[in-house]
Amino acid sequence: PIGLILLTIGIYHWHKEQLAITEQLRKRERLFREHRGLDFTTNLSGAHYLRQQLAHELSKGSQESPLALVLIDIDNFSQINRHYGKREGDNLLHALSELLLLNIRSNDLLCRYAGDRFALLLPNTGRLMATSIAEEISQAVRHFAFKSQQQNSIFHSVSVGIAFGNTIGTEKDTAESLITRATQSLLHAKEARAQPALRVA
């Protein structure tokens, strides 16, 4: 009888241990699922998540909920990688992502779209406010001094393109069409300036 009691107690504690391990594995799996779309350099969501959220916002289809997409491209970023190395370029991207996060609202979504390009989704935002936010971001980057490992202060500028979502009528935007218009706006801004400019589409 004593042996059976000890065996039962042992099985009970082993079972509890197994449940605890299983719960830990579930938490790790859930954490992995929730964060696997994050960009490791900037800790921001990537282009896939941006497209999902754009599609969600555009599906609301309300004039009372205007939507703006801002693409932010770092000017002459390739020079950093060339002169200081890729690791320093990654450090700059991380620093700029934190700077951008400090200059947006809590309901805005900042993503790393590709390479040295960020995308900013501004829900419930009209032309005047979107333009103002983009200008503030441009100014913040222009005044930000990035310290290289050689302790050099490196200043940067960004080019910005904005597109506003059309959510009503027969010419409704999709995520891809809005991204395309924002990209065209950004390319026009980069081509048509000697200094970083802001273009609106």
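Okay, so let's go over this structure. (Residues numbered from 1 in each chain as written. Predicted model: local features only at pLDDT ≥ 70, side-chain atom pairs only at ≥ 80, totals over all residues. Heavy atoms only, no water.)

1. Description of the side chain of arginine 117
Turning to step 1, where the next piece is worked out: Relative to the assigned elements, arginine 117 resides in strand β3 (residues 117–123).
Turning to step 2, where the next piece is worked out: At 3.1 Å, the side chain of arginine 117 and the side chain of aspartate 73 are in polar contact.
Turning to step 3, where the next piece is worked out: If we ignore the near neighbours within four places in the chain, the residues touching arginine 117 are Ile72, Asp73, Arg112, Thr183 and Leu186. (Helix = DSSP H or I, 4+ residues; strand = E, 2+ residues; numbered from the N terminus. Polar contact = N/O pair within 3.5 Å; in protein donor to acceptor, adjacent residues only side chain to side chain. Contact = heavy atoms within 4.5 Å.)

2. Things to note about the pattern of salt bridges
In a structure, side chains of opposite charge can pair up when their charged atoms sit close to one another.
Turning to step 1, where the next piece is worked out: Within this structure, the stated rule accounts for 8 salt bridges.
Turning to step 2, where the next piece is worked out: Between lysine 86 and aspartate 90 there is a salt bridge, with the nearest N and O atoms lying 3.2 Å from each other. Of this pair, lysine 86 and aspartate 90 both sit in helix α4 (residues 86–102), separated by 4 residues, roughly a single helical turn.
Turning to step 3, where the next piece is worked out: Here arginine 105 ties to aspartate 108 by a salt bridge, and the two come within 2.8 Å at their closest N and O atoms. (Salt bridge = Lys/Arg side-chain N within 4 Å of Asp/Glu carboxyl O.)

3. Things to note about the side chain of aspartate 108
Turning to step 1, where the next piece is worked out: Here aspartate 108 shows up in the loop between α4 and β2 (109–114).
Turning to step 2, where the next piece is worked out: Within polar-contact distance, the side chain of aspartate 108 engages the side chain of arginine 105 at 2.8 Å.
Turning to step 3, where the next piece is worked out: When sequence neighbours within four positions are dropped, the list of residues in contact with aspartate 108 reads Leu120, Leu121, Leu122, Pro123 and Ile133.

4. Here's the deal with empty space enclosed by the protein
Turning to step 1, where the next piece is worked out: One pass over the full model with this rule turns up 1 cavity of 30 Å³ or more.
Turning to step 2, where the next piece is worked out: Its boundaries defined by the atoms lining it, the largest cavity holds a volume of some 30 Å³.
Turning to step 3, where the next piece is worked out: Taken together, Ile72, Ile74, Leu96, Leu100, Phe118, Val141 and Val158 make up the lining of the largest cavity.
Turning to step 4, where the next piece is worked out: Elements supplying a minimum of two residues to the lining of the largest cavity: β1 (67–74) and α4.
Turning to step 5, where the next piece is worked out: In terms of residue class, the lining of the largest cavity is made up of 7 nonpolar, no polar and no charged. (1 Å grid on protein atoms, 1.4 Å probe; cavity = no way out; pocket = protein on both sides within 12 Å on 5 of 7 lines; lining within 4 Å. Points joined across faces, edges and corners; volume = space filled by probe spheres on them. Nonpolar A, V, L, I, M, F, W, Y, C, P; charged D, E, K, R; others polar.)

5. Here we look at the packing of helix α2 (residues 47–60) against helix α6 (residues 175–191)
Turning to step 1, where the next piece is worked out: Direction vectors running N to C along α2 and α6 enclose 110°, while the axes themselves pass 9 Å from each other. When the interaxial angle is binned, α2 and α6 end up roughly perpendicular. Contacts between α2 and α6 involve Leu50, Arg51, Leu54, Ala55 and Leu58 from the former and Ala175, Glu176, Leu178 and Ile179 from the latter.
Turning to step 2, where the next piece is worked out: A per-class count over the contact of α2 with α6 returns 7 nonpolar, no polar and 2 charged. (Axes fitted to C-alpha atoms, helices over the stretch in contact; angles between N-to-C directions. Parallel < 35°, antiparallel > 145°, perpendicular 65-115°, else oblique.)

6. Here we look at the nonpolar core
Turning to step 1, where the next piece is worked out: Ranked by internal contacts, the top residues of the largest apolar core, which has 29 residues, are Val70, Ile72, Phe118, Leu120 and Ile137.
Turning to step 2, where the next piece is worked out: Those elements that place two or more of their residues in this core are β1, α3 (77–84), α4, β3, α5 (127–142) and β6 (158–164).
Turning to step 3, where the next piece is worked out: If you tally residues by element for this core, the top one is α4, at 6 residues.
Turning to step 4, where the next piece is worked out: Ignoring sequence-local partners within four residues, the contact set of isoleucine 72 consists of Leu100, Asp116, Arg117, Phe118, Leu120, Ile137, Val158 and Ser159. (Core = buried A, V, L, I, M, F, W, Y, C linked by side-chain atoms within 4.5 Å. Buried < 20%, exposed > 50% of the residue type's maximum accessible area, 1.4 Å probe, protein only.)

7. Thoughts on α2
For an α-helix, the turn length of 3.6 residues means that residues three or four places apart are oriented alike.
Turning to step 1, where the next piece is worked out: End to end, α2 covers 20 Å across 14 residues, agreeing with the expected 20 Å (1.5 Å per residue, within 8%).
Turning to step 2, where the next piece is worked out: Buried residues of α2: Ala47, Leu50, Leu54, Glu57 and Leu58, and no others. Summarising the axial view, the buried residues of α2 lie within an arc of 95°, below the 170-degree limit, and thus occupy one face. Opposite the packed face of α2, turned more than 90 degrees from it, sit the exposed residues His48 and Ser59.
Turning to step 3, where the next piece is worked out: Where α2 is buried, its residues meet β1, β2, β3 and α6. (Expected span 1.5 Å × (residues − 1). Arc of directions from axis to C-beta.)

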